[in-house]
Amino acid sequence: MRVSGEDALAVADAIFICADARPLAGTPRLMRFGTFDAGDFRDKGYAVFFPAAAAYTGEDTVEFYLHGGVRIMKGALDAALRAGARLAERGEFTKRAYLAGRLSLADAEGVADMINAESAAALNAAYRLMDGSLTREINGIGDFLGDVITSLEAVLDYPEETEDEVLPPLEGEIKDALARVNALLATADSGRMAKYGVTAVLAGKPNAGKSSLMNALLGEERAIVTCTPGTTRDTIEGSVECDGVRINLVDTAGIRESEDEIESEGVRRAIRAAKHADVVLHVVDTTDDREGEDALDFDGARVFTVRNKCDLTSYKCPRMYGCFAVSAKEGVGVEELRRAIAALAAEGMATGGEVITSERHKDALYRAKNALESALSSLDGTVDLTLVDLREAYDALGEITGKTATEDVVDAIFSKFCVGK
Ligand code: GDP
């Protein structure tokens, strides 16, 4: 249990007695053994006092470590409430840290992402965000734009004192800022895949081996398979982690009959599902040499052609002629395919660099990009117009770190946290 705020010590003194009777206040950041007095019961445990300057929230904080029973937790909370504390709102500890200037808004979102992450790749992306890598880059671009804005404002305020030559070399500077914004946007696809996983849709004719391949890709131990009832046929989804990346597999299943009508419905459904896919696994029965098998068009989606049943042919190598040759039945080539899917999440990601994993950040960056492009095209016009665009870009970037975020945005972000974070 954690208590934060200027009365934290007073609350602690009312409910916790250190075993050596010395006050908790005298031993900052030291774990003290003692007795927790909940009123209707007592427990033995520890308490630590973090003075404001050394606390996550930037306020005096006391943490209690008690036995984790449900009734103990409830009693401990009640005792703290009676001693003057109130229950924290969702994400309030992190919100207070943000309001105290300990974290940027983006850093705080990294904390939430850490808690919600479902794969090592998601955790690594969240850690980078929480650690401030995006904040540093956004602040860098923002400071740079801020300087340009200030010098332009000086030109407007004191036109008679500023000669033409003193005008900052605007075009180059705006292009530099734009290039940095574009570099961040270029990581958004990989960032989304790292955070939520790579979605792979299996498509292909009946009996090509889609279900078998799905099972082979999922493996036996780590697979989670759920059946989602669809309008005409079921969609089967499953996920597995490979090289730290979550792979979400979708099989537009159930098209077993060979009637043309149903067959083409299967293809239509696969194409629809492909719209939400990062990659389509076009499964082809390599022993079936019917015409037109490779002519399926998945609306521009990335396609891996997977030639299945290679155990029935002489193909034994995992990749050939740009295709994957696998045997779902014997498990040949499956690991290579799985790793190639996972590797899609790493594409476009600068090693160790910042990566965009949030729609909110991506949206703000797009607005900054549009404003900077507009600023570039307004350079031949009046300085006022350019200034409007540059300020818009500056504000959009500031929404990411919180510098220019409205209270509503801040509240919406912290309301997605759980209580106690
Ligand atoms: P789907 O209709 O595309 O989902 O295909 P299934 O996964 O149901 O497989 C159709 C048939 O092909 C089944 O009888 C499977 O046992 C068989 N099959 C699937 N993969 C392989 C493979 O790699 N080698 C061989 N020999 N048979 C396979």
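This structure is a prediction, so every number in the text was calculated from the model and none was measured.

Peer 1: What am I meant to see in the site of the ligand here?
Peer 2: Close to the ligand lie 16 residues, the nearest being N207, K210, S211, S212 and D311. At 2.9 Å, a backbone N or O of G209 approaches an oxygen atom of the ligand. Here the ligand, which alone exposes 580 Å², has 77% of that area covered by the protein. Per-element accounting of the shell around the ligand gives the leading share, 3 residues, to helix α9 (residues 210–218). Along the lines of polarity and charge, the residues of the shell around the ligand split into 4 nonpolar, 6 polar and 6 charged.

Peer 1: Help me understand empty space enclosed by the protein, please; the structure alone is not making it clear to me.
Peer 2: All told, the structure shown has 2 cavities of 30 Å³ or more when counted by the stated rule. In this structure, the second largest cavity spans a volume of roughly 60 Å³. Along the walls of the second largest cavity sit I138, N139, G142, Y394, L397, G398, T401 and K403, which together make up its complete lining. Elements with a minimum of two residues in the lining of the second largest cavity: α6 (133–157) and α13 (383–401). Counting residues per element, the lining of the second largest cavity draws most heavily on α13, which supplies 4 residues. When its residues are assigned to classes, the lining of the second largest cavity shows 3 nonpolar, 4 polar and 1 charged.

Peer 1: I would appreciate a short explanation of the confidence of the model for the protein in the present structure.
Peer 2: As a general rule, the predicted coordinates of low-pLDDT regions are not to be interpreted in detail. Residues with a pLDDT of 70 or more make up 85% of the protein, whose mean pLDDT is 86. The spread of mean pLDDT over the elements of the protein runs between strand β7 (residues 224–228), the lowest at 53, and strand β4 (residues 42–50), the highest at 98. Predicted confidence is poor over residues 254–259, with pLDDT under 50, and the contacts of this stretch with residues over four places away or in other chains come to 13 contacts.

Peer 1: Just checking my understanding: could you explain the packing of aromatic side chains for this structure?
Peer 2: For any pair of aromatic rings, the description rests on two quantities: the centre-to-centre distance and the angle between the ring planes. The tally for this structure, following the rule as stated, stands at 6 aromatic pairs. Between F304 and F324 the ring centres are 5.1 Å apart and the planes differ by 40°, which places this aromatic pair in the tilted class. One end of the pair, F304, is in strand β11 (residues 303–308); the other, F324, is in strand β13 (residues 323–325), and 20 residues separate them in sequence. Its relative accessible area of 12% is what places F304 among the buried residues. Of the residues examined, F324 reaches a relative accessible area of 3% and is grouped as buried. A connected cluster of aromatic rings, assembled from ring pairs, spans F16, F36 and F64. Positioned above the aromatic ring of F93, the side-chain terminus of R2 is 5.1 Å from the ring centre.

Peer 1: Looking at this structure, I do not really get the layout of surface pockets. What am I missing?
Peer 2: Gaps between atoms show up when a probe of the same size as a water molecule is rolled over them. What the largest pocket holds in volume is close to 730 Å³. As for the largest pocket, its lining consists of 29 residues, of which M1, R2, V3, L77 and F93 are closest to the centre. Those elements that provide at least two residues to the lining of the largest pocket are β1 (2–4), α1 (8–15), α2 (70–82) and α3 (92–99). At 6 residues, the largest contribution of residues to the lining of the largest pocket is made by α2. Class assignment of the residues belonging to the lining of the largest pocket gives a composition of 17 nonpolar, 6 polar and 6 charged. Put simply, the second largest pocket is a space of about 270 Å³.

Peer 1: So what exactly am I meant to see when it comes to the pairing of strand β10 (residues 279–285) here?
Peer 2: The side chains of a regular strand alternate, first on one face of the sheet and then on the other. Of all 7 residues in β10, 7 are buried; the element is thus mostly enclosed. Of the two faces of β10, the one carrying V279, L281, V283 and D285 and the one carrying V280, H282 and V284 are both buried. The pairing of strand β6 (residues 198–203) with β10 spans 4 bridges and is parallel. Note that in β10 the partner of A203 across the bridge is H282. As defined by bridge partners, β10 adjoins β11 across 6 bridges and the pair is classed as parallel. Paired with V280 across the strands is V303, a residue of β11.

Peer 1: Help me out: how do you make sense of the sheet that holds β1 in this one?
Peer 2: The pairing of strands in a sheet happens through backbone hydrogen bonds and is either parallel or antiparallel. Pairing within the open sheet is antiparallel, and its 5 strands lie in the order β1-β5-β4-β3-β2. For this open sheet the edge positions go to β1 and β2 (16–18), each flanked by a neighbour on one side alone. Averaged over all pairs of adjacent strands, the angle between their axes in this sheet comes to 30°, without regard to strand direction. Across 6 bridges, strand β3 (residues 32–37) lies against β4 in antiparallel orientation. Across the sheet, the residue bridging to F33 is Y46, located in β4. Lying on the sheet, α1 is in contact with β1, β2, β3, β4 and β5 (61–65); it crosses β5 at an angle near 30°.

Peer 1: What is the right way to look at the pattern of salt bridges in this model?
Peer 2: Where side chains of opposite charge bring their charged atoms close, a pairing between them can arise. Throughout the structure, instances matching the rule amount to 25 salt bridges. Close ionic contact of R192 with D278 constitutes a salt bridge, the shortest N to O distance being 3.0 Å. One end of the pair, R192, is in helix α8 (residues 188–196); the other, D278, is in the loop between α10 (260–274) and β10, with 86 residues separating them in the sequence. The class for D278 is buried, based on a relative accessible area of 11%. Of the charged contacts, one joins E335 and R338 as a salt bridge, the two residues approaching to 2.3 Å between their closest N and O atoms. Within this pair, E335 and its partner R338 are both found in helix α11 (residues 334–343), separated by 3 residues, close to a single helical turn. Connected through shared salt-bridge partners, E59, R86, E92 and R96 make up one network.

Peer 1: For this particular structure, what's the right way to read a nonpolar patch on the surface?
Peer 2: Judged by side-chain polarity, M31, F33, Y46 and Y65 come together as a nonpolar surface patch covering roughly 390 Å² of accessible area. Note on F33: relative accessible area 39%, which makes it partly exposed.

Criteria and thresholds
- Residues numbered from 1 in each chain as written.
- Predicted model: local features only at pLDDT ≥ 70, side-chain atom pairs only at ≥ 80, totals over all residues.
- Heavy atoms only, no water.
- Near = heavy atom within 4 Å.
- Polar contact = N/O pair within 3.5 Å; in protein donor to acceptor, adjacent residues only side chain to side chain.
- Areas by Shrake-Rupley, 256 points an atom, 1.4 Å probe, with all protein chains shown as cover.
- Helix = DSSP H or I, 4+ residues; strand = E, 2+ residues; numbered from the N terminus.
- Nonpolar A, V, L, I, M, F, W, Y, C, P; charged D, E, K, R; others polar.
- 1 Å grid on protein atoms, 1.4 Å probe; cavity = no way out; pocket = protein on both sides within 12 Å on 5 of 7 lines; lining within 4 Å.
- Points joined across faces, edges and corners; volume = space filled by probe spheres on them.
- pLDDT = per-residue confidence, 0-100.
- Contact = heavy atoms within 4.5 Å.
- Phe/Tyr/Trp six-rings, centres within 6.5 Å; stacked < 30°, edge-to-face > 60°.
- Buried < 20%, exposed > 50% of the residue type's maximum accessible area, 1.4 Å probe, protein only.
- Lys NZ or Arg CZ within 6 Å of the ring centre and 35° of its normal.
- Pairing = 2+ DSSP bridges.
- Axes fitted to C-alpha atoms, helices over the stretch in contact; angles between N-to-C directions.
- Salt bridge = Lys/Arg side-chain N within 4 Å of Asp/Glu carboxyl O.
- Patch = residues over 30% accessible without salt bridge, like charges linked within 9 Å, V, L, I, M, F, W, Y side chains within 5 Å.

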